[in-house]
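# Working through the structure, step by step
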Amino acid sequence: MAIAQQNTPINLQNSQKVNLFSLWELSKLQLQQLLWHSHAYGTVFSILILSLVSLIFLAIHWTYRKWFFTHHIVETNKWDLNSSN
């Protein structure tokens with residue numbers, strides 16, 4: 001069974017409207033997919049950056065304490081009667 005093609009005139013403006021609409025829908029779907037993935041990866045990268053900043057802060061804090069607080073505090077018991085003070 002053969003189907004004969006009809007020679008119907010194609011309205012160019014309707015075709016362009018359909019093409020623009022389908023292009024818009026396709027780009028909208030791709031944008032939604034990009035935003036979905038960027039949101040998920042953004043959460044992971046923000047936690048990673050927060051962890052790195054925390055480790056850098058701790059390293060600076062420990063280094064500062066190591067360099068500037070090297071003297072040892074000697075505690076004396078004021079209730080000790082055998083103490084020299």
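Residues numbered from 1 in each chain as written. Predicted model: local features only at pLDDT ≥ 70, side-chain atom pairs only at ≥ 80, totals over all residues. Heavy atoms only, no water.

Further remarks concern a nonpolar patch on the surface. A surface patch of nonpolar side chains, about 1,200 Å² in accessible area, is lined by Tyr41, Val44, Phe45, Leu48, Ile49, Leu52, Val53, Leu55, Phe57, Leu58 and Trp62. When you line up the elements, Trp62 lands in helix 1 (residues 12–68). (Patch = residues over 30% accessible without salt bridge, like charges linked within 9 Å, V, L, I, M, F, W, Y side chains within 5 Å. Areas by Shrake-Rupley, 256 points an atom, 1.4 Å probe, with all protein chains shown as cover. Salt bridge = Lys/Arg side-chain N within 4 Å of Asp/Glu carboxyl O. Helix = DSSP H or I, 4+ residues; strand = E, 2+ residues; numbered from the N terminus.)

This part takes up the packing of aromatic side chains. With the rule as written, the count across this model stands at 1 aromatic pair. Residues Tyr64 and Phe68 carry aromatic rings whose centres are separated by 5.1 Å and whose planes lie at 50 degrees to one another, so their mutual orientation is tilted. Linking Tyr64 with Phe68, this pair stays in helix 1, spanning 4 residues, or about one helical turn. With a relative accessible area of 43%, Tyr64 lands in the partly exposed category. The exposure class assigned to Phe68 is exposed, which follows from its relative accessible area of 54%. (Phe/Tyr/Trp six-rings, centres within 6.5 Å; stacked < 30°, edge-to-face > 60°. Buried < 20%, exposed > 50% of the residue type's maximum accessible area, 1.4 Å probe, protein only.)

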